[in-house]
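Residue-level listing of the chains:
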Amino acid sequence: METTDTLAIYGKSGHGKVVADIARANGYTEIVWVDDDTSKPETVSLEEFSRDYSGIAVALGIGDNAIRQRIYRQLKESNTELLTLVHPSAVVSASVLIGEGSVVMPLAVINSDAVLEAGVIVNTHATVEHDCLLGAFSHISPNTALAGEVKVGTRTHVGIGASIIQHCNIGDDVVIAAGSAVIDDIPDAVMVAGVPAIIKKRVSP
């Protein structure tokens, strides 16, 4: 089965539903749902998808960073094409580089020379300023603001409404709590919160 108006979404979840809306806004009319939990209605397993839907690209509909990374690797091992989706209302500079399997949601703004590695989520109304680097499988939540030249590590989650000042380096596997204001570099595998944000605890990578 191969049609240009059909794509698959891995992850039939709330996040997956939003990804499906972005796909439809980009002209896709048919969605094939793929999930580990095949008890969900109209859902096929990865094995069934690989067998029955040859040539269909897959978008990642998984909000959890570590699980999204695992599924990405499974799909790459099976030589499945991974689709990048950008909502038409997002403002993305022509100089931005977006890695495969990433999703940019409605009203997001990504400015000059920012780089998104594979499997990144830039959520609704987030702002990513010039020369930022978003590590693979990171998640920039709704209404967050990253100033220029911020580096965000692999699998890091920037919580809703958080802000990060310019030139900050955020480590891998970091959790930045909702509403936090980050004004200093953050090491790997910690949770930070507050205004200004401080380390609250270690987290498991």
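Residues numbered from 1 in each chain as written. Predicted model: local features only at pLDDT ≥ 70, side-chain atom pairs only at ≥ 80, totals over all residues. Heavy atoms only, no water.

Student: In this structure, what is going on with the nonpolar core? I would like to understand it.
Tutor: In globular proteins that are soluble, nonpolar side chains generally tend to be buried together. One finds Val122, Leu134, Ile164 and Ile176 to be the most contacted residues of the largest nonpolar core, which totals 29 residues. What Leu134 contacts, discounting residues up to four positions off in sequence, is Val115, Leu116, Glu117, Val120, Val122, Val128, Ile140, Leu146 and Val152. (Core = buried A, V, L, I, M, F, W, Y, C linked by side-chain atoms within 4.5 Å. Buried < 20%, exposed > 50% of the residue type's maximum accessible area, 1.4 Å probe, protein only. Contact = heavy atoms within 4.5 Å.)

Student: In this structure, what is going on with the pairing of strand β23 (residues 198-202)? I would like to understand it.
Tutor: As defined by bridge partners, strand β22 (residues 190-193) adjoins β23 across four bridges and the pair is classed as antiparallel. Following the sheet pairing, Val190 is matched in β23 by Arg202. Remark: four residues form the turn of the hairpin made by β22 and β23, two consecutive strands paired antiparallel; Gly194 in that turn has positive phi of roughly 110°. (Pairing = 2+ DSSP bridges. Helix = DSSP H or I, 4+ residues; strand = E, 2+ residues; numbered from the N terminus.)

Student: Could you clarify how one ought to interpret the state of the cysteines in this entry?
Tutor: Where two cysteines share a covalent bond between their sulfur atoms, that bond is called a disulfide. Under the criterion given, the structure shown has zero disulfides. Its sulfur unpaired, Cys168 is 10 Å from the next cysteine sulfur, which belongs to Cys132. (Disulfide = S-S within 2.5 Å.)

Student: How should I be thinking about the sheet that holds strand β12 (residues 127-128) in this particular structure?
Tutor: Pairing between sheet strands relies on hydrogen bonds along the backbone, with the strands arranged either parallel or antiparallel. Ordered by their spatial adjacency, six strands build an open sheet running β6-β9-β12-β15-β18-β21, and the pairing between neighbours is parallel. Each end of this open sheet is capped by a strand with a single partner; those strands are β6 (91-92) and β21 (181-182). Pairing of β12 with strand β15 (residues 145-146), which is carried by two bridges, proceeds in the parallel orientation. Among the inter-strand pairings, Thr127 is bridged to a residue of β15, identified as Ala145.

Student: Where do I start with the side chain of Gln69 in this structure?
Tutor: Along the chain, the position of Gln69 falls in helix α3 (residues 65-77). Those residues within four positions of Gln69 in sequence are excluded, and the remaining contacts are Phe137, Thr154 and Arg155.

Student: Teacher, can you tell me more about the pairing of strand β1 (residues 6-10) here?
Tutor: Regular strands place side chains that alternate from one sheet face to the opposite one. A large share of β1 lies buried, amounting to five of its five residues. Taken together, the five bridges between β1 and strand β2 (residues 30-34) define a ladder with parallel strand orientation. Bridge pairing in β2 links Leu7 to Ile31. For the crossover that starts at β1, traverses helix α1 (residues 14-25) and ends in the parallel β2, the hand is right-handed. Looking at chain direction, β1 and strand β4 (residues 58-60) are connected through three bridges and run parallel. Pairing of Tyr10 across the sheet is with Leu60, part of β4. (Right-handed = clockwise from strand over helix to strand, strands pointing away.)

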